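Residue-level structural notes
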Amino acid sequence: MHEWQKNIQNLIYEIDLCIKRHSDEALTLEHLSKKLGYSAFYVSRKFREVSGMSLREYLCQRRLAFALIELRDTERGILEIALDNGFSSHEAFTHAFRTAYGLSPSEYRKKPVPVVLRTVIRPFDCYLLGIGGTGMAKTTDRIKTYFVTIPEHKFLHIRNYESIGYWDFWQKQSLIPGQDCETICGLLESIKGKLDDNGGSGEDASSGQVMAFINEPAGRICSWGIPLAEAYGVRLPADYDGAVPPQMQLMDVPEGEYIVFEHGPFDFETENRTVEAEIEKAMEEFDYPATGYELDKTQGRVFYFYHDCERFWKYIRPVKKTK
């Protein structure tokens, strides 16, 4: 099954690339199947088996998501956007858009509101499959450490005080109406003005501190201490005044100083656990007194966590100067 999860994941990346390039001729079942070297019938069957939907349905939903972002962020004409995203006419686009989001393209453009977009399906998810970081350690002492000041901002998110880890978090959220992974990721992707691509946060229930996880679009949830509150969300500008989905919370995060522990790019499947151990060791052994700083455990300060194996792994911890 892992082989086909990888195959479908590669197919999905190809679909996004073709939509961005407006390569309609490449977005046919026959063309995409040739990329994998299998028959169209077989690929269609495996796509539904792995993703839970037909390839045609996924293509339509993903094209609508791309079109909505253009409606939100550009002044291009609605018909031009429709045609560039594979719809045959203004009417066909409007019908599909209204069916998906409950309002017409022109209504959305006049008043953008959070809607559930079709985010990228990630069937080969190393986090859920439990195959990350299974190899031996390759190198050590690759952690950079530096201080930064993060301006005030807002954080839009959902929380769970009972979950432990990414899989458990979304299993529990799926039991709450409107808080399943697909809905929350789709809502957040539709919101304009995010300061990071995607991410989330967690709050230590015993101290009131907040830890934020900023990640690639699929999002990740991490465990940190017991008791633990885990969350998922996006950072927004301090002056954000847009709509807030009813199932989410918006919190103010004041400007503050932070220390960053950063590791560069790594191979997730073989090095994830090694990198995690390295960065945890660096944080544990850091000599705060020598820098004139200490960890700031004041309620309301935020711990940030960035995880993107192609770029970096970062822990960003709140600090304050010692007297």
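Residues numbered from 1 in each chain as written. Predicted model: local features only at pLDDT ≥ 70, side-chain atom pairs only at ≥ 80, totals over all residues. Heavy atoms only, no water.

Another aspect to go through is the overall build of the protein chain. A count of helical and extended segments in the protein chain gives 11 helices and 10 strands. Relative to its full complement of 323 residues, the protein chain shows a buried share of 50%. Excluding contacts between residues fewer than 6 apart, the proportion of contacts in the protein chain whose partners are at least 24 apart in sequence is 73%. A total accessible area of about 15,900 Å² is found for the protein chain, and carbon and sulfur atoms account for 51% of it. (Helix = DSSP H or I, 4+ residues; strand = E, 2+ residues; numbered from the N terminus. Buried < 20%, exposed > 50% of the residue type's maximum accessible area, 1.4 Å probe, protein only. Contact = heavy atoms within 4.5 Å. Areas by Shrake-Rupley, 256 points an atom, 1.4 Å probe, with all protein chains shown as cover.)

A few words now on the nonpolar core. Ile8, Leu11, Ile12, Ile15, Phe47 and Tyr58 are the most contacted members of the largest nonpolar core, which totals 21 residues. Elements with a minimum of two residues in this core: helix H1 (2-20), helix H2 (29-36), helix H3 (40-51) and helix H4 (55-73). If one sorts the elements of this core by residue count, H1 sits on top with seven residues. Counting 17 residues, the second largest nonpolar core, distinct from the first, contains Leu64, Ile78, Ala82 and Ala96. (Core = buried A, V, L, I, M, F, W, Y, C linked by side-chain atoms within 4.5 Å.)

Under the counting rule described, the total for this entry stands at 15 aromatic pairs. Here the aromatic rings of phenylalanine 47 and tyrosine 58 are separated by 5.8 Å at their centres, their planes lie at 55 degrees, and the arrangement is tilted. One end of the pair, phenylalanine 47, is in helix H3; the other, tyrosine 58, is in helix H4, with 11 residues separating them in the sequence. Between phenylalanine 286 and tyrosine 288 the ring centres are 4.8 Å apart and the planes differ by 75 degrees, which places this aromatic pair in the edge-to-face class. On the accessibility criterion, tyrosine 288 (11% relative accessible area) is buried. Three or more aromatic residues joined by ring pairs form one cluster here, namely Phe87, Phe93, Phe97, Tyr101 and Tyr108. (Phe/Tyr/Trp six-rings, centres within 6.5 Å; stacked < 30°, edge-to-face > 60°.)

This part is about the side chain of threonine 183. Mapped onto the secondary structure, threonine 183 falls in helix H10 (residues 181-190). Overall, the relative accessible area of 17% leaves threonine 183 in the buried class. Only 2.8 Å separates the side chain of threonine 183 from the side chain of aspartate 180, close enough to count as a polar contact. Apart from residues lying up to four places away in sequence, threonine 183 is in contact with Val116, Gly178 and Gln247. (Polar contact = N/O pair within 3.5 Å; in protein donor to acceptor, adjacent residues only side chain to side chain.)

Time to look at the environment of glycine 264. Note that glycine 264 resides in the loop between strand E7 (256-263) and helix H11 (268-285). Sequence-wise, glycine 264 and lysine 314 are 50 residues apart; in three dimensions their C-alpha atoms are separated by 8.7 Å. The residues contacting glycine 264, other than those within four sequence positions of it, are Arg311, Phe312 and Trp313.

So, on to unusual backbone geometry. The phi angle at histidine 22 is positive, at roughly 55 degrees, despite the residue not being glycine. Secondary-structure assignment places histidine 22 in the loop between H1 and H2. For histidine 22, a relative accessible area of 35% translates into the label partly exposed.

With that settled, consider the pattern of salt bridges. Scanning all chains against the criterion turns up 18 salt bridges. Put simply, lysine 35 and glutamate 14 hold a salt bridge, and the shortest N to O gap is 3.7 Å. Residue lysine 35 is found in helix H2, and its partner glutamate 14 is found in helix H1; the two are separated by 21 residues along the sequence. Given the relative accessible area of 53%, lysine 35 is considered exposed. Taking the shortest distance from any N to any O, the salt bridge between lysine 46 and glutamate 49 comes out at 3.2 Å. (Salt bridge = Lys/Arg side-chain N within 4 Å of Asp/Glu carboxyl O.)

The subject of this paragraph is a negative patch on the surface. A grouping of Glu152, Asp239, Asp241 and Glu255 is seen on the molecular surface, where their side chains present a negatively charged patch. Tracing the backbone shows glutamate 152 in the loop between strand E1 (143-150) and strand E2 (153-160). (Patch = residues over 30% accessible without salt bridge, like charges linked within 9 Å, V, L, I, M, F, W, Y side chains within 5 Å. Lys, Arg positive; Asp, Glu negative; His and termini not counted. Charge placed at Lys NZ, Arg CZ, Asp CG, Glu CD.)

Moving on, we come to the confidence of the model for the protein chain. Averaged over all residues, the pLDDT of the protein chain equals 81, while 83% of them reach at least 70. For residues 135-140, every residue scores under 50 in pLDDT, and the model assigns this stretch 11 contacts once sequence neighbours within four places are set aside. (pLDDT = per-residue confidence, 0-100.)

Here we take up the environment of glycine 292. With respect to the secondary-structure elements, glycine 292 resides in the loop between H11 and strand E8 (293-295). A relative accessible area of 25% places glycine 292 in the partly exposed class. Separated by 30 residues in sequence, glycine 292 and threonine 322 have C-alpha atoms that sit 5.6 Å apart. Those residues in contact with glycine 292 that sit more than four places away from it in its chain are Lys320, Lys321 and Thr322.

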